[in-house]
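Read off the chains here:
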Amino acid sequence: MPELPKTYDPNAVEPKWYARWLEKNAFSADAKSSKPAFSIVIPPPNITGVLTLGHVLNNTIQDILARRARMLGHEVLWLPGTDHAGLATQTAVEKSLRKEKLTRHDLGREEFLRRVVVWQEKHGGIIIEQLKRLGCSCDWSRQRFTLDPDYARAVQQAFVDLYEKGLIYRGRRMINWDPAALTALSDEEVIPTPQKSALYYVRYELADEPGKFIEVATTRPETIMADVALAVHPDDLRYRGMLGRKVWRPLARAEIPIVSDEVIDPKFGTGVLKVTPAHDKVDFEIGRRHSLPVIDVLTAEGRITCPDVPELHGLDRFEARTKAAELLTKAGLLAKTEPHESTVGFSERAGVPIEPRLSEQWFLRYPKTEEALRVVREHLIRFFPGHWEKVYARWLENIQDWCISRQVWWGHRVPAWYEGGQVSDLPDVGVQIDSPGEGWTQDPDTLDTWFSSWLWAYQTMDAETRAKFYPTSVLVTGPDIIFFWVARMIIAGLEFQPGRTAAVEDNIPFRDVFFTGLIRDQQGRKMSKSLGNSPDPLELMAKYGADGLRFGLMRIAPSGQDIRFDEKQIEEGRNFATKLWNAARFRQMHGLSEAQPQLDPAALSIYAIELLARLNETIAAIDDAFREYQFSTVAQRLYEFVWADYCDWFVEAAKSDIFSEDSAQKKMALATMDHVLAASLRLLHPFMPHVTEELWTLLGFGGAADTFLDFIAPPMPIDLGGAPVQTARARVRAVYETVEAGRNLRAEARVASNQKANFVLRTTDISVAAEAGTLGRLLNAETFEVAAEFAPPAGSSIAATRLGELFLVLKESDRAVERERLEKEVVKLRQDLASTQGKLRNTSFTERAPAAVVEEHRRREADFGKRLAQLEAALISLP
């Protein structure tokens, strides 16, 4: 059997094992298997994407669940894939075109899409290869893409079916418009963002009473040319006599009426709203109620289009805002301007303020919303953490129709056809996947990317796979897409019924949803390239190994809470892998080829009993934590068990048996080590698959069989039989507590842990003598004496323990070092005390300094005096 190298090199081990897993098809799912099914569909990363820490967190959790399920005897499908990311991909390709001074319109739709496909072939698979480097155990033979022909046809068929049910319709409505990407957005793609702006108080002159004005507070003077009315609350007494009268619009001068509407907030500004139906959703509804005209003064690109005001015509909307204020000031119609903070909707993709815009779009009336609420409320689908249920319910209870069309070329094209190319002529529309025939033109829009991904949970599977693995077992995702994706997948499953029966429980897309936290930096900021606080996971893996990154990240990822990233934790993950490696090397040094006996509870040392009992407790705690998706709890329990219970305590305590001349004792100690190491590797495998697979093989735990750890069952608690477990554990705890007390005595006496020291345990319990060797080893003692009577020399340190009184007996050389240290500290403290007392005796200081500063000096005087007395007493006690 090959000897373990002295140091662990993850960059040599990890690629080797991943290649071997792929070669042996270790992750392939068998839809014909009789094993119970466990399935996850990957949240498909965008083809524009590269690996981020968010991907590492999400996919490590999925991998942990998949590998553990295989170990528990399930047939596991972890289905991977990527999303075409319509707007994001198109934006990336258009950016490259700008280097050629071209636009997609210069190329035309067909040539532009050809360019996108070329870009996709070059860049689209990068993140998949990076996920493999992380160790993800997906069934790569089933990798899917949202523009695969079969999948794309299913998306279009879903559109047709919903249209035929009257749930999809085309209408002219106010939508969210992205003036940078030139497309409609759904409400969920608009990010409310606090903004500092200004409130402009504009004077509107009464048409029938020249010289009298009404002031209107607005944040958007650049849209005044689109004003069609002023509105006040019907109960606002300030304006009761104004209703029905008219005012002059200040820019593009025209008469507009004053109307009343209950939606107006009398407390905002002056209580008067300028009604601009083309550029505000609330204004649009007011306009409909009062049959007001609609005037649009903004182009799709966000520029002013109003030849009647040439000073503004053609300006960008924000430039026009400043210019409009100048024009109003010049005309004496701007009463004042004051700072104002408001919340503005920003495009999630383009990062610019959206514009409410009247536009002809396709909309979906959500089906099955009541059923979607019920399956979560009745826990047919469970959310972890549970508080996300309320957020989910609030959205469904207040759901709005979904704008599903996008003015983007890359994606699933809307399967609607228009005779003669008259896109706006709805009576001549034909909704079907293929062209109705000659003379029909397909709608130029594509569908919102989320309209394709809401079918992801089942449409990625063929009928046989679906029969075995649907509904899926769990979805791991971020709470930021609870509306974009989670809720919509639930609705799609209930609506299209992909299950084997019509029963609700067969059509939900998943049984559990685990929401990860958001990774932030140490200052609590979101990770971003612009802030420079987002480390590259590939660099972290090169430095610490994939296992180190995975384990380190999982230890700081409490369930559903945001995570403060600290690279030191990833370094600890690597250090933990090294600790495990060194523990395995120590075991290998003591004869792996020699078969060890079965564990005999009656022959176990008390330290072995304690370790095995701790292992049983760890296994039970891990099982409980997995049921609640408490991954950081699992990682921390494993860390503490392997590092502290096994390495720091048991291995050191067991050396007495390992180096004993009693071969039976030695074999039982080694048998205990084998059992615990094998159990630890199996428990750790889902978190750290590469290093555990390597050690399992090199230590010979797998025997001659070429079986990966994914298919070795996790350990079960061991029955310790008739061993006096509680008595043994109590004695071990007393030993370990005594060792801790002795180490504290060392620290207080400034005796280094690697320096030999002399200890005496004064006790009348003669049975303690049996543990003297272990106590001495754990304390790094030069001598360790157990005595019923002991007269400690002056200067000895003492600690009371359950085993008796423990004395650290300082050697002359130690006492000399300690005396020198104490004398230096006494000199320094006397100087500090004298300096403080000098200031307090100085009346100039006590009378002029702030009272808090004087009081602080008085506290220092008392503290220095107390510490000086303690040190002087310690000096006197030293012989």
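Placed above this text is the structure.
Numbering of residues starts from 1 in every chain and runs along the sequence as written. Confidence filtering applies because this is a predicted model: local features only for residues at pLDDT of at least 70, side-chain atom pairs given and counted only at 80 or more, and all residues used for totals across whole chains, interfaces and linings. Side-chain metrics rest on all non-hydrogen atoms present in the structure, leaving aside hydrogens and water.

Right, let's get into the packing of aromatic side chains. Pairing of aromatic rings covers Phe, Tyr and Trp, the last through its six-membered ring, and needs centres within 6.5 Å; plane angles under 30 degrees mean stacked, over 60 mean edge-to-face, and all others mean tilted. For the structure on display, the rule yields 39 aromatic pairs. Look at Trp-17 and Phe-708: their rings are 6.3 Å apart centre to centre, the planes differ by 85 degrees, and that puts the pair in the edge-to-face class. Highlighted residues: Trp-17 in helix α1 (residues 10-23) and Phe-708 in the loop between α22 (689-698) and α23 (725-748), separated in sequence by 691 residues. Working definition: with a 1.4 Å probe on protein chains only, accessible area under 20% of the residue-type maximum means buried, over 50% means exposed, and in between means partly exposed. Note on Phe-708: relative accessible area 7%, which makes it buried. Pairing Tyr-169 with Phe-363 gives two aromatic rings, centres 5.6 Å apart and planes at 20 degrees, and the pair type is stacked. Linking Tyr-169 in strand β5 (residues 168-178) with Phe-363 in strand β14 (residues 355-364), this pair joins segments that are 194 residues apart in sequence. The exposure class of Phe-363 is buried, given its relative accessible area of 1%. Following the ring pairs from residue to residue traces out a cluster consisting of Phe-159, Tyr-163, Trp-362, Tyr-366, Trp-395, Trp-402, Phe-451, Trp-454, Phe-483 and Phe-496. Across from the ring centre of Trp-17, 4.3 Å away, lies the NZ or CZ of Arg-20, which sits over that ring. Secondary structure elements follow DSSP: runs of H or I of four or more residues count as helices, runs of E of two or more count as strands, with numbering from the N terminus. Counted as over-ring charges are cases with an Arg CZ or a Lys NZ within 6 Å of the ring centre that also lie within 35 degrees of the ring normal.

Note on definitions: salt bridges are taken to be side-chain nitrogens of Lys or Arg within 4 Å of carboxyl oxygens of Asp or Glu. In total, this model carries 58 salt bridges according to the counting rule given. A salt bridge links Arg-357 to Asp-296; the shortest N-O distance between them is 3.9 Å. With Arg-357 in strand β14 and Asp-296 in the loop between α8 (281-289) and α9 (317-330), this residue pair connects regions lying 61 residues apart in the sequence. Using a relative accessible area of 18% as the deciding quantity, one classes Arg-357 as buried. Linking Arg-377 and Glu-397 is a salt bridge whose minimum nitrogen-to-oxygen distance equals 2.4 Å. Of this pair, Arg-377 sits in helix α10 (residues 369-377) while Glu-397 sits in helix α11 (residues 388-397), placing them 20 residues apart in sequence.

For soluble globular proteins, nonpolar side chains are generally found buried alongside one another. Among the nonpolar cores identified, the biggest contains 131 residues, and Leu-65, Phe-631, Tyr-646, Phe-687 and Phe-784 are the most heavily contacted of them. Ranked by residue count, the leading element in this core is helix α20 (residues 631-658), at 15 residues. If near-sequence neighbours (up to four positions away) are discounted, Phe-631 is found in contact with Ile-61, Ile-64, Leu-65, Phe-514, Met-554, Phe-626 and Phe-687. Residues Leu-77, Tyr-366, Trp-402 and Phe-515 belong to the second largest nonpolar core, which totals 63 residues. The set of buried Ala, Val, Leu, Ile, Met, Phe, Trp, Tyr and Cys residues whose side-chain atoms join them within 4.5 Å is what this entry labels a nonpolar core. Note on definitions: a residue-residue contact is assigned when non-hydrogen atoms from the two residues lie within 4.5 Å.

Moving on, we get to the sheet that holds strand β20 (residues 440-442). Picture the strands of a sheet paired through backbone hydrogen bonds; they go either parallel or antiparallel. In space, the 3 strands of this open sheet follow the order β19-β18-β20, with antiparallel pairing throughout. Both edges of this open sheet fall to β19 (429-431) and β20, since each of them pairs with a single strand only. Strand-to-strand twist of the sheet, defined as the mean angle between neighbouring strand axes without regard to direction, takes the value 30 degrees. Criterion used throughout: strands pair if DSSP finds at least two bridges between them. Note on geometry: axes are lines fitted to C-alpha atoms, helical ones only across the stretch in contact, with angles between N-to-C directions running from 0 to 180 degrees.

It is worth spelling out the pairing of strand β18 (residues 416-419) at this point. The side chains of a regular strand alternate between the sheet's two faces. Summarising the sheet, β18 and β19 pair through 3 bridges and their orientation is antiparallel. Bridging across to β19, Tyr-418 finds its partner in Val-429. Of the pairings in the sheet, the one linking β18 to β20 comprises 3 bridges and is antiparallel in character. Among the inter-strand pairings, Trp-417 is bridged to a residue of β20, identified as Gln-442.

Okay, unusual backbone geometry next. In this chain, Phe-384 is followed by Pro-385 through a cis amide linkage whose omega measures -10 degrees. Within the secondary structure, Pro-385 sits in the loop between β15 (382-384) and α11. Following Tyr-470, the chain continues to Pro-471 via a peptide bond in cis, the omega torsion being 0 degrees. Here Pro-471 is to be found in the loop between α14 (463-469) and β22 (472-477).

This part takes up the environment of Arg-413. Counting through the fold element by element, Arg-413 comes out in the loop between β17 (405-406) and β18. Given a relative accessible area of 26%, Arg-413 falls into the partly exposed group. Distance in space between the C-alpha atoms of Arg-413 and Thr-446 is 4.0 Å, their sequence separation being 33 residues. Not counting the four nearest positions on each side in its chain, Arg-413 is found in contact with Arg-109, Gln-156, Gln-442, Asp-443, Pro-444, Asp-445 and Thr-446. Among the polar contacts made by the side chain of Arg-413, one reaches the main-chain carbonyl oxygen of Asp-443 at a distance of 2.8 Å. For the purposes of these results, a polar contact is taken to be a pair of N or O atoms within 3.5 Å, where, inside protein, one atom must be able to donate a hydrogen and its partner to accept one; residues adjacent in sequence count only when each atom of the pair is a side-chain atom.

Below, the discussion takes up the side chain of His-690. Assignment of secondary structure puts His-690 in helix α22. The contact partners of His-690, leaving out residues within four places of it in the chain, are Val-13, Glu-14, Trp-17, Tyr-18, Trp-21, Leu-134, Gly-135, Ala-546 and Asp-547.

This part covers the sheet that holds strand β23 (residues 510-515). Sheet architecture is open: 3 strands sit in the order β15-β23-β22, paired in parallel fashion. Each end of this open sheet is capped by a strand with a single partner; those strands are β15 and β22. Each neighbouring strand pair of the sheet contributes to a mean axis angle of 20 degrees, computed without reference to strand direction. Where β15 meets β23, 3 bridges bridge the pair, whose relative direction is parallel. Opposite Phe-383, over in β23, you have Val-513 as the bridge partner.

The next subject is the pairing of β22. Along β22, 6 of the 6 residues are buried, which leaves the element largely enclosed by surrounding structure. Pairing of β22 with β23 involves 5 bridges; the strand directions are parallel. Each residue of the ladder has a partner; that of Thr-477, found in β23, is Phe-515. Seen with its strands pointing away from the viewer, a crossover is right-handed if its path from the first strand over the helix to the second goes clockwise. As for the winding sense of the linkage, the β-α-β connection from β22 through helix α15 (residues 482-496) to β23 is right-handed.

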